[in-house]
Amino acid sequence: SSRIMSLLSQLEKINLDSVLGEADNARYVTSKILHLVQSQEKTRKEMTSKGSTGIEVILSTLEVKPRNLCGCGYTASFHFISGLCGGRRASILVGKGGTQILLQLLLSASKDSPPNEELMVLLHTLLAKIGPKDKKIGVKARINGALNISLNLVKQNLQNQRLLLPCLQVLRVYSTNSVNAVSLGKNGVVELMFKIIGPFSKKNTSLLKVALETLAALLKSKTNARRAVDRGYVQVLLMIYVDWHSHDSRHRYMLIRKGVLQCIKSVTNIKLGRKAFIDANGMKILYNTSQECLAVRTLDPLVNTSSLIMRKCFPKNRLPLPTIKSAFHFQLPIIPSSGPVAQLYNLPPDVDDVVDESDDNDDAETESEIEAENDDDKDQHFKNDDIETDINKLKPRQELGRPIEELKMYEQFFPELSENFQECDLVSKKPKPFVPDANLSGPIVVPTAGEE
């Protein structure tokens, strides 16, 4: 404990000193602190305990002397922070302003040509770890201009798996913000994700899983979903799902298959997506694959997600249904010869008689998605308009079969329906007390049960 406190005091003095020659001392002290933190759990607890200034000293070192801590000093500091990025410790880093400092360092490091790959990997790894603990990271990244930095790194390093994975993890965190999702979509991130996921391949499955999660988050934006539909990506997603379903015979990659279904679920939140899903024969594909998954209990998440997608995309019809689409046939007593009901009964079996107008007026909403500062991720769940929620409308209306005048003849048989019993002692709240008659003499005899 005395050793770590002494090192922190030395580092704090170095931060206050403006002499360039102190860079070597800063790297040396930082490396020593890293060694103690990695080797002793007691030291890690002391650094993150209440009242300790250890994290502030490390963060201020990165903020004050970023250029002097190049090479080993940078790496040591980042590895130290990485060791503290688990659970409660990540929240402590966020509370101390660690997110803002890391984003500023990312912006500064991106100006180098070419950027330091080791530094970029460390920065994106740290941002991916502390990102879920910071609800405002999407706004902070957009204000600092860090969105396009990560996106450009992905574009330039599609074959560099070491740098590509942490960058995708950061993009996944950024995409939870709807404004960021629209901005990234305009810069071509949707098309980029489809270049990464590709056909079936057992190589880099962890990278593929993160790419699918990022794509599913991006497609929750209606703007990105329309862009995916316009480029024919709905059929591509179905082909990828069938490809993985046919090759994954041992069901080891269930999470990847579920990630593809999540992308389909997101893109079918809009009317164009549902239409493209039907046109691509998606109902038959998901139905057949779900039937094959029923025998395996571990594949229940795939069956459940497929069922939600099929239920959402299945054409709607009004009751009564005269076609084979319904398991029940409701025949009207009288079918008019003309009018809307007659037109409904004369429709061919394959015609959807309910027009989907769920997002016909979303052109203005597309622009508002960019301007709105919505910091929280609002999942756009599909709203089923066929489900009635008004209880009064669900209650059946009971109408008399005969006029009320004709029913008065039965009034004498049911006097309780018409007579007023308010003054009757039998229904009063308090029974009338027993008062003996003063003219009566002799003992009062209370009748027992059974006696009148």
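Quick caveat: nothing in here was measured; it's all calculated off a predicted structure.

Here's the deal with the overall build of the protein chain
Scanning the protein chain from terminus to terminus reveals 24 helices and zero strands. Expressed as a percentage of its 452 residues, the buried residues of the protein chain come to 39%. Of the contacts formed within the protein chain by residues at least 6 apart in sequence, a portion of 72% connects residues at least 24 apart. Roughly 27200 Å² of accessible area belongs to the protein chain as shown, and the carbon and sulfur atoms make up 54% of that amount.

Considerations on the environment of Ser9
Structurally, Ser9 is set in helix 1 (residues 2-16). For Ser9, a relative accessible area of 37% puts it in the partly exposed group. Sequence spacing of Ser9 and Val29 is 20 residues, and the spatial spacing of their C-alpha atoms is 10.0 Å.

Let's talk about the side chain of Asp134
By the element assignment, Asp134 lies in the loop between helix 8 (117-130) and helix 9 (137-144). A polar contact of 3.0 Å, which involves the side chain of Asp134, links it to the side chain of Thr99. A polar contact is formed between the side chain of Asp134 and the side chain of Lys140, at a distance of 2.9 Å. The contacts of Asp134, once residues within four sequence positions are left out, are Val94, Thr99 and Lys140.

Details of the packing of aromatic side chains
One pass over the full model with this rule turns up three aromatic pairs. Taken together, a centroid distance of 3.9 Å and an interplanar angle of 15° make the contact between Phe194 and Tyr233 stacked. Remark: Tyr233 occurs in helix 16 (residues 233-247) and Phe194 occurs in helix 13 (residues 189-197); sequence separation between them is 39 residues. Given the relative accessible area of 10%, Phe194 is considered buried. The class for Tyr233 is buried, based on a relative accessible area of 15%. Relative to Tyr253, the ring of Trp244 has its centre 5.6 Å away and its plane inclined at 65°; by these criteria the two rings are edge-to-face. Exposure remark for Trp244: the relative accessible area of 1% places this residue in the buried category. Following the ring pairs from residue to residue traces out a cluster consisting of Phe200, Trp244 and Tyr253.

Some points on the side chain of Asp248
Of note, Asp248 is situated in the loop between helix 16 and helix 17 (254-267). Within the local environment of Asp248, its side chain forms a polar contact with the backbone nitrogen of His251, the two atoms lying 3.1 Å apart. Not counting residues within four places of it along the chain, the set of residues in contact with Asp248 comprises Tyr253, Met254 and Arg257.

Observations regarding helix 14 (residues 205-218)
The periodicity of an α-helix, 3.6 residues per turn, causes residues three or four positions apart to be oriented the same way. Taking 1.5 Å per residue as the helical rise, helix 14 with its 14 residues ought to reach 20 Å, and the 20 Å between its terminal C-alpha atoms agrees with that figure. Most of helix 14 sits inside the fold, with 10 of its 14 residues counted as buried. Those residues of helix 14 that sit buried are Leu207, Leu208, Val210, Ala211, Leu212, Thr214, Leu215, Ala216, Ala217 and Leu218. Each element contacted by the buried residues of helix 14 is listed here: helix 11 (161-174), helix 12 (178-186), helix 13, helix 15 (222-230), helix 16 and helix 17.

So, the pattern of salt bridges
Taken as a whole and judged by the stated rule, the model has eight salt bridges. With its nearest N and O atoms 2.6 Å apart, the salt bridge here joins Arg162 to Glu118. Pair noted here: Arg162 is in helix 11 and Glu118 is in helix 8, with a separation of 44 residues, a long-range link. Here the salt bridges share partners, and the residues they tie into one network are Glu117, Glu118 and Arg162.

A few points about the environment of Lys265
Within the fold, Lys265 resides in helix 17. Ignoring any residue separated from it by four or fewer positions in sequence, one finds Lys265 in contact with Leu308, Ile309 and Lys312.

Some details on the confidence of the model for the protein chain
Residues at a pLDDT of 70 or more form 62% of the protein chain, whose mean pLDDT is 75. When pLDDT is averaged over each helix and strand of the protein chain, the minimum, 47, is found for helix 22 (residues 363-371) and the maximum, 95, for helix 17. Low pLDDT (under 50) marks residues 363-367, which in the prediction has three contacts with non-local residues, meaning those over four places away or in another chain. Note that residues 369-386 has pLDDT below 50 and, in this model, 33 contacts with residues that lie over four places away or in other chains.

Comments concerning helix 15
Burial runs high along helix 15: eight of the nine residues are buried. Among the residues making up helix 15, those that are buried are Lys222, Thr223, Asn224, Ala225, Arg226, Arg227, Ala228 and Val229. Looking one or two residues beyond helix 15, the residue adopting positive phi is Gly232, at roughly 75°.

A look at unusual backbone geometry
In this structure, Asn204 takes a positive phi of about 55° despite not being glycine. Locating Asn204 in the fold gives a position in the loop between helix 13 and helix 14. Here Asn204 falls in the partly exposed class, since its relative accessible area comes to 40%. Here the phi dihedral of Asn281 falls at roughly 65°; this positive angle occurs in a residue that is not glycine. One can find Asn281 in the loop between helix 18 (271-279) and helix 19 (282-293). Given the relative accessible area of 41%, Asn281 is considered partly exposed.

Quick notes on the rules
- Residues numbered from 1 in each chain as written.
- Predicted model: local features only at pLDDT ≥ 70, side-chain atom pairs only at ≥ 80, totals over all residues.
- Heavy atoms only, no water.
- Helix = DSSP H or I, 4+ residues; strand = E, 2+ residues; numbered from the N terminus.
- Buried < 20%, exposed > 50% of the residue type's maximum accessible area, 1.4 Å probe, protein only.
- Contact = heavy atoms within 4.5 Å.
- Areas by Shrake-Rupley, 256 points an atom, 1.4 Å probe, with all protein chains shown as cover.
- Polar contact = N/O pair within 3.5 Å; in protein donor to acceptor, adjacent residues only side chain to side chain.
- Phe/Tyr/Trp six-rings, centres within 6.5 Å; stacked < 30°, edge-to-face > 60°.
- Expected span 1.5 Å × (residues − 1).
- Salt bridge = Lys/Arg side-chain N within 4 Å of Asp/Glu carboxyl O.
- pLDDT = per-residue confidence, 0-100.

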